[in-house]
Amino acid sequence: MAATPDLAALLSLIEEARFRGQALEAAAALRSLSTMAPGDAAVRAALARALFQAGLWNEAWDAYEVRFDLLPSAFPRVTRPGPDGPLPMPIWRGDGRPEAILVMGEQGLGDTIQFARYLPLLVARGIRVHAVLDPRLHRLLAPVTEGLDLRSSGTPGTVAGVTAWLPLLNLPRALGLTPQQYRGRVPYLAVDRERRARMRARIGEHGLRIGIVWQGNPAAPVDANRSAPLAAFAPIAAIPGVRLFALQKGPGEDQQAPFPLDRLGPELDGGPDWFLDTAAAIEALDLVVTVDTAVLHLAGALGRPVLMLTHGRHMDWRWLNAADVPVWYPSMRLVRCPDGTADWQAAAGRAALLIRTGNLPPAV
């Protein structure tokens with residue numbers, strides 16, 4: 001349901017308060033507003049953002065299920081046989097310990113890389129796990145999918161014996177994790193030795209080697225506030241001794257740089273398995289500077305130093321609680337555009353200052 005004009009004005013005022021750092025006050029106002037407009041998706045989405053920013057994680061996870069109302073096609077469909085045909089199977093919310101559980105991937109590749117780390121926690125509890133994930137990531141995710149039944153998304157099928165299921169991003173809430181446990185063991189992905197050696201030989205040892213990514217998936221609703229023009233990375237390119245390497249694949253790859261940029265070649269991740277070469281390149285680099293896209297999560301999952309350039313106001317929910325270091329990745333730092341803007345060159349300038357002064361996150 002779309003917000004009415006009066007409701008939209010109230011939401012705008014509350015969002016402004018949240019942006020100024022009054023997340024608790026915004027959450028309280030939005031709880032009250034929810035009673036006035038029960039079921040309104042815009043109000044529920046704003047409440048989820050405020051709760052995440054305030055660090056009220058359990059309530060935020062519950063509110064975040066509004067994502068399936070905002071984009072119904074993204075909701076995984078899981079049914080069980082019924083007397084008159086298939087019946088929807090309710091989502092498992094952590095009650096009891098089912099013998100077998102089905103975990104359904106959702107949203108983008110970065111979301112899958114971020115949340116797949118929690119799959120082994122189900123296995124450790126003695127639960128038989130069937131995970132339906134994007135097949136392009138199966139080889140990359142091998143370190144966290146050992147011991148479970150890994151299946152390809154996009155292919156309908158049946159799984160015998162499953163009595164419970166949940167979407168992938170529901171795992172922290174269902175597992176009862178605290179924010180201190182969200183990080184888990186990092187790194188949780190690994191790079192093949194031969195692939196790593198080949199990429200290190202390709203990149204070489206000299207200079208300060210930085211990989212950059214400037215464009216997310218343009219089809220994503222959030223892309224307007226997360227992608228930067230390649231030219232905005234000029235302040236980083238101007239650092240003496242820096243060598244820039246493009247980790248960009250797909251949309252945005254054809255942008256021309258007004259500074260020296262090594263493209264690493266079209267063979268980078270040219271097969272059906274995504275991010276294997278990119279992961280090896282990240283291991284061979286000193287630093288990654290990227291916008292909020294899948295390579296960001298890959299670098300974080302590998303425990304490699306990474307700076308994320310982000311919009312000054314419109315940040316994704318998962319970063320709202322962080323001043324600089326998010327709960328998910330200890331080797332990551334957030335670098336915001338100033339004054340709530342989309343001044344990406346200014347954000348790159350801030351990143352360049354961190355690089356020049358050696359104030360970078362450590363590898364883990």
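Above: the structure in question.
For every chain, the first residue of its written sequence is number 1, and the numbers climb from 1 along that sequence. Only residues with pLDDT of 70 or above have their local features reported here, since the model is predicted, and side-chain atom pairs are shown and tallied only from 80 upward, although totals for entire chains, interfaces and linings are computed over all residues. The basis for every side-chain value is the complete set of non-hydrogen atoms in the structure, without hydrogens or water.

Turning next to the overall build of the protein. Helix and strand definitions here come from DSSP, where helices need a minimum of 4 consecutive H or I residues and strands a minimum of 2 consecutive E residues; each element is numbered from the N-terminal end. Along the protein, the regular secondary structure elements total 15 helices and 11 strands. Within these notes, the globule rule equals 2.2 Å times the number of residues to the 0.38 power, and the radius of gyration is based on C-alpha atoms. For 364 residues, the compact-globule estimate of 2.2 N^0.38 gives 21 Å, and the protein sits close to it at 21 Å. Oriented by its inertia axes, the alpha-carbon framework of the protein measures out at about 65 × 50 × 35 Å. Within the protein, the fraction of its 364 residues that count as buried is 51%. Here, residues are in contact when the closest pair of their heavy atoms is within 4.5 Å. Considering only contacts in the protein between residues 6 or more positions apart, those separated by 24 or more positions represent 68%. Across the protein, the 37 positively charged side chains and the 35 negatively charged ones have centroids separated by 4 Å. Exposed residues in this analysis have more than 50% of their type's maximum accessible area, buried residues have under 20%, and partly exposed residues fall in between, with area computed by a 1.4 Å probe over protein chains only. Counted charges follow a simple rule, with Lys and Arg positive, Asp and Glu negative, and His plus the chain ends left uncounted. The location of each charge is read from NZ of Lys, CZ of Arg, CG of Asp or CD of Glu.

So, on to the packing of aromatic side chains. In summary, the pairing rule links any two rings of Phe, Tyr or Trp, Trp by its six-membered ring, whose centres are within 6.5 Å, and it sorts them by plane angle into stacked for under 30 degrees, edge-to-face for over 60 and tilted for everything else. This model, assessed by the stated rule, comprises 18 aromatic pairs. Ring geometry for Phe-52 versus Trp-57: centroids 5.5 Å apart, planes at 65°, classification edge-to-face. Residue Phe-52 is classed as buried on the basis of its relative accessible area, which comes to 0%. Using a relative accessible area of 6% as the deciding quantity, one classes Trp-57 as buried. When the centroid spacing of 5.8 Å and the interplanar angle of 75° are considered together, the rings of Phe-52 and Tyr-64 count as edge-to-face. Of the two residues, Phe-52 sits in helix 3 (residues 41–54) while Tyr-64 sits in the loop between helix 4 (57–63) and helix 5 (67–70), which places them 12 residues apart along the sequence. The two residues Phe-52 and Tyr-64 agree in class, both being buried. What links up through ring pairs into an aromatic cluster is the set Phe-52, Trp-57, Trp-61, Tyr-64, Phe-115, Tyr-118, Tyr-182, Trp-317 and Trp-328. Distance and angle both matter: a charge sits over a ring if NZ of Lys or CZ of Arg is within 6 Å of the ring centre and within 35 degrees of the ring normal. Across the ring face of Trp-274, the terminal group of Arg-136 is positioned such that the distance to the ring centre comes to 4.4 Å. A cation over a ring is seen here: Arg-313 above Phe-19, with NZ or CZ 3.9 Å from the ring centre.

With that settled, consider the pattern of salt bridges. What counts as a salt bridge is simple: a side-chain nitrogen of Lys or Arg found within 4 Å of a carboxyl oxygen of Asp or Glu. What the rule picks out here adds up to 20 salt bridges. A salt bridge links Arg-195 to Asp-277, with the nearest nitrogen and oxygen atoms 2.7 Å apart. With Arg-195 in helix 11 (residues 193–203) and Asp-277 in helix 13 (residues 276–284), the pair connects residues that are 82 residues apart, well separated along the chain. Comparing Arg-195 with Asp-277 shows no difference in burial state: the two are buried. Note that Arg-318 and Asp-316 form a salt bridge whose closest N and O atoms lie 2.5 Å from each other. The exposure class of Arg-318 is buried, given its relative accessible area of 8%. A network of salt bridges, in which partner residues are shared, links Glu-15, Arg-18 and Arg-49.

One open sheet accounts for 5 strands, arranged 8-7-9-10-11; its pairing is parallel. One side of each edge strand has no neighbouring strand; the edge strands of this open sheet are strand 8 (242–246) and strand 11 (332–336). Between one strand axis and the next, the sheet turns by 25° as a mean value, whatever way the strands run. We call two strands paired when DSSP finds no fewer than two bridges between them. Where strand 7 (residues 208–213) lies against strand 9 (residues 287–290), 4 bridges are found, and the strand directions are parallel. Residue pairing in the sheet places Ile-212 in a bridge with Val-289 of strand 9. In this description, a line fitted to the C-alpha atoms serves as the axis of each element, helices being fitted only across the stretch in contact, and the angle between N-to-C directions of two axes falls anywhere from 0 to 180 degrees.

Let us look at the side chain of Arg-209. Residue position: Arg-209 is located in strand 7. Of the residues examined, Arg-209 reaches a relative accessible area of 10% and is grouped as buried. Here a polar contact means two N or O atoms within 3.5 Å. Within protein one must be a hydrogen donor candidate and the other an acceptor candidate, and residues neighboring in sequence count only if both atoms are side-chain atoms. In this structure the side chain of Arg-209 is engaged in a polar contact, spanning 3.3 Å, whose partner is the backbone oxygen of Ala-284. Those residues in contact with Arg-209 that sit more than four places away from it in its chain are Ile-203, Gly-204, Arg-243, Phe-245, Ala-284, Leu-285, Asp-286 and Leu-287.

Note: most residues except glycine have negative phi, and most peptide bonds are trans. A cis amide bond, omega 5°, links Val-186 with the succeeding residue Pro-187. By the element assignment, Pro-187 lies in the loop between helix 10 (179–182) and helix 11. Phi is positive for Gln-107, which is not a glycine, with a value near 60°. Structurally, the position occupied by Gln-107 is in the loop between strand 3 (100–104) and helix 6 (109–115). A residue is classified by how much of its surface remains accessible, and Gln-107, at 43% relative accessible area, is partly exposed. With phi around 50°, Asp-269 is a residue other than glycine that occupies positive phi space. With respect to the helices, strands and loops of the structure, Asp-269 is situated in the loop between strand 8 and helix 13. Look at Asp-269 and you get buried, because its relative accessible area is 12%.

Each nonpolar core is a collection of buried residues, namely Ala, Val, Leu, Ile, Met, Phe, Trp, Tyr and Cys, held together in the definition by side-chain atoms within 4.5 Å. Counting residues in each nonpolar core, the largest one holds 95 residues, and the members touching the most others are Leu-119, Leu-189 and Trp-328. Counting residues per element, this core draws most heavily on helix 3, at 7 residues. Dropping the residues within four chain positions of it, Trp-328 is found in contact with Trp-57, Trp-61, Gln-114, Phe-115, Arg-117, Tyr-118, Tyr-182, Arg-183, Val-186, Trp-317, Arg-318 and Trp-319. In terms of nonpolar packing, the next biggest core, distinct from the first, is built from 27 residues, Ile-210, Ile-239, Val-289 and Ala-348 among them.

What follows covers helix 11. All of the buried residues along helix 11 are Arg-195, Arg-196, Met-199 and Ile-203. Buried positions in helix 11, seen along its axis, are confined to an arc of 100° and lie on one side of it. Opposite the packed face of helix 11, turned more than 90 degrees from it, sit the exposed residues Arg-193, Glu-194 and Ala-201. Taken together, the buried residues of helix 11 touch strand 7, strand 8 and helix 13. Positive phi shows up at Gly-204, right after helix 11, with a value of about 85°. The arc in question is traced by the directions running from the helix axis to the C-beta atoms.

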